[in-house]
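Spelled out, the chains give:
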Amino acid sequence: MWAQGKQYLTADAAQKLVAKRGTAAEAKITVSVDPGFHVNSNTPNDTYLIPLKLTWAPGGALEPGEVVFPKPQMEKYEFSEKPLSVFTGDFDLIAKFKVPAGASQGPGIMLGKLRYQACNSNSCFPPKTLEVRLSYQVQ
Amino acid sequence: MSALRLGIVLATGFLLGCVIYGCSPVKSAKAASLKPNAERHVAPDFALKDADGKTVRLSDYKGRVVLLDFWATYCGPCKIEIPWFMDFERKHKDQGFSVLGVSMDDDGWDAVKPFVNDVGINYRIVVGNDSTADKFGGIEALPTTFLIDRDGKIADVHVGLASKSDFEDAIEQLLQTPARPAGGSGRVSLPAELVGAR
């Protein structure tokens with residue numbers, strides 16, 4: 001609903017993923033949350049909180065699999081009665097893929113969407129979606 | 001000093017105090033940091049649906065002091081303030097005060113209705129949209145709370161979690177100021193369904 005506007009984190013797949021057909025592969029996505037902000041983890045401990053989620057658009061040569069998140073931090077904020085399951089600062093997501101035996105050889109780009117919802121110590125911000133681009137080379 | 005002279009001095013002092021400060025038994029609100037009248041702008045009007053599908057316009061509340069709260073169910077700081085606002089609604093509803101909550105949840109009523117029921121919110125809630133946010137300057141941070149005077153003008157804005165006493169002081173100060181009669185825009189009576197109804 002809300003215009004995307006300002007983002008409160010960055011997410012980059014710095015290294016090109018090189019994988020052989022018929023194998024599994026994984027890519028590291030480095031996420032950096034702006035100082036003073038936090039985002040809900042992938043497993044927030046409140047029904048109404050919006051989790052961090054990475055999804056991949058169909059169409060690439062890679063078959064998306066599980067996304068592995070780091071262990072969340074449990075942080076207590078002035079506005080919360082109990083510690084919240086969050087991520088702050090820099091952390092890595094591991095995105096797993098399968099490369100089908102019949103995948104086309106050559107380069108390509110997987111397009112991902114990282115959905116998150118950020119807060120600071122006294123305000124929260126609408127959920128945002130950030131595009132993540134992963135370059136790959138199928139051998 | 002005789003008792004009689006002392007009595008006269010005290011009575012004179014009391015009457016003088018009444019002339020200068022007024023004799024209302026209502027406790028004066030601590031001075032809140034409200035905008036001076038000359039700097040207040042009319043709050044933009046909107047028409048949004050409440051949980052029953054009824055259209056609610058901000059202009060329906062002209063003549064009342066309104067606490068307009070932009071919030072969302074995923075917003076922790078908003079959840080701290082909501083019980084305060086419920087308290088204000090109970091306490092000041094009959095003095096010409098209303099709380100109006102504008103939820104900015106992307107999922108609309110699917111997210112808002114369960115929350116409203118869980119918390120037992122006692123004031124009216126509507127679901128807002130980008131257009132509503134744009135009218136109020138492109139609200140980004142939640143909660144963002146506007147205090148609107150009886151003339152429909154924005155007297156104060158709080159972005160982020162504020163203090164209950166700041167709100168309370170401002171509300172009491174605004175309630176003590178009658179609507180200005182200029183332009184025939186005096187106080188209006190709201191239908192019962194708009195007064196504090198959910």
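Look up: the structure comes first, before these words.
Reading guide: rules and limits
- Residues numbered from 1 in each chain as written.
- Chains lettered and ligands numbered in written order.
- Predicted model: local features only at pLDDT ≥ 70, side-chain atom pairs only at ≥ 80, totals over all residues.
- Helix = DSSP H or I, 4+ residues; strand = E, 2+ residues; numbered from the N terminus.
- Buried ≥ 20, exposed ≤ 12 C-beta atoms within 10 Å, placed from the backbone.
- Contact = placed C-beta atoms within 7 Å.
- Pairing = 2+ DSSP bridges.
- Axes fitted to C-alpha atoms, helices over the stretch in contact; angles between N-to-C directions.
- Right-handed = clockwise from strand over helix to strand, strands pointing away.
- Core = buried A, V, L, I, M, F, W, Y, C linked by C-beta atoms within 7 Å.
- Nonpolar A, V, L, I, M, F, W, Y, C, P; charged D, E, K, R; others polar.

Visitor: Please clarify how the overall build of chain B should be interpreted in this entry.
Guide: Each helix and strand counted, chain B has 5 helices and 7 strands in total. From first element to last, N terminus to C terminus, chain B shows the α and β order α-β-β-β-α-β-α-β-α-β-β-α. Counting across all 198 residues of chain B, residues that qualify as buried make up 35%. For chain B, the share of sequence-separated contacts (at least 6 apart) that also reach a separation of at least 24 residues comes to 77%.

Visitor: Please clarify how the sheet that holds strand β4 (residues 97-103) of chain B should be interpreted in this entry.
Guide: Sheet strands pair via backbone hydrogen bonds, and the direction of the pair is either parallel or antiparallel. All names here are of chain B. Sheet architecture is open: 5 strands sit in the order β5-β4-β3-β6-β7, paired in mixed fashion. Because the sheet does not close on itself, it has two edges, and the strands there are β5 (124-127) and β7 (154-159). Going from strand to strand, the sheet's axes swing by 20° on average, the running direction of each strand aside. Sheet topology places strand β3 (residues 65-71) next to β4; 7 bridges connect them, and they run parallel. When the bridges of β4 are listed, V66 appears paired with S98. Against the sheet, helix α2 (residues 76-92) contacts β3 and β4, and its axis sits at roughly 150° relative to β4. Along the sheet face, helix α5 (residues 164-175) touches β3, β4, β6 (144-148) and β7 and points at about 145° away from the line of β3.

Visitor: Any chance you could explain the pairing of β5(B) here in plain terms?
Guide: In regular strands, side chains alternate between the two faces of the sheet. Residue and element names in this part refer to chain B. Of the two faces of β5, the one holding R124 and V126 and the one holding I125 and V127 are both buried throughout. Both β4 and β5 contribute to a ladder of 4 bridges, which runs parallel. Its bridge partner being in β5, S103 is matched across the sheet by V127. In terms of handedness, the path from β4 via helix α3 (residues 109-119) over to β5 forms a crossover that is right-handed.

Visitor: What am I meant to see in the sheet that holds strand β10 (residues 106-116) of chain A here?
Guide: All names here are of chain A. Judged by pairing direction, the sheet is mixed, and its 4 strands sit side by side in the order β2-β12-β10-β5 without closing on themselves. Two strands bound the open sheet, and with one partner strand each, they are β2 (17-19) and β5 (53-56). Taking each pair of neighbouring strands and ignoring which way they run, the sheet shows an average axis angle of 30°. The pairing of β2 with strand β12 (residues 128-138) spans 3 bridges and is classified as parallel. Pairing of A19 across the sheet is with V138, part of β12.

Visitor: Sorry, what's going on with the nonpolar core here?
Guide: In summary, soluble globular proteins display a tendency toward joint burial of nonpolar side chains. Residues V39(A), L67(B), A72(B), L142(B), L147(B), I148(B) and I171(B) are the most contacted members of the largest nonpolar core, which totals 77 residues. When residues of this core are assigned to their parent elements, the largest contribution, 6 residues, is made by β3(B). Residues within four places of V39(A) in sequence aside, it is in contact with L9(A), V33(A), L52(A), V86(A), F87(A), Y116(A), Q117(A) and A118(A).

Visitor: What is the right way to look at the environment of T55(B) in this model?
Guide: Residues and elements named next belong to chain B. Positionally, T55 belongs in strand β2 (residues 55-57). When the 11 C-beta atoms within 10 Å are taken as the criterion, T55 is described as exposed. Separated by 12 residues in the primary sequence, T55 and A43 place their C-alpha atoms 18 Å from one another.

Visitor: Mind showing me how you'd approach the interface of chain A and chain B here?
Guide: Many structure descriptions define interface size as the accessible area lost when the parts assemble. Contact residues are listed per partner, giving 18 residues for chain A and 18 residues for chain B. Looking at the side of chain A that touches chain B, its residues break down into 13 nonpolar, 5 polar and no charged.

Visitor: How should the environment of K98(A) be read in this particular structure?
Guide: All names here are of chain A. Among the structural elements, K98 can be located in strand β9 (residues 90-98). Considering only alpha carbons, one finds K98 and E63, 35 residues apart in sequence, at a separation of 5.0 Å. Among residues more than four places away in sequence, those in contact with K98 are A24, E63 and G65.

Note that all results are geometric; they support no functional claim without further evidence.
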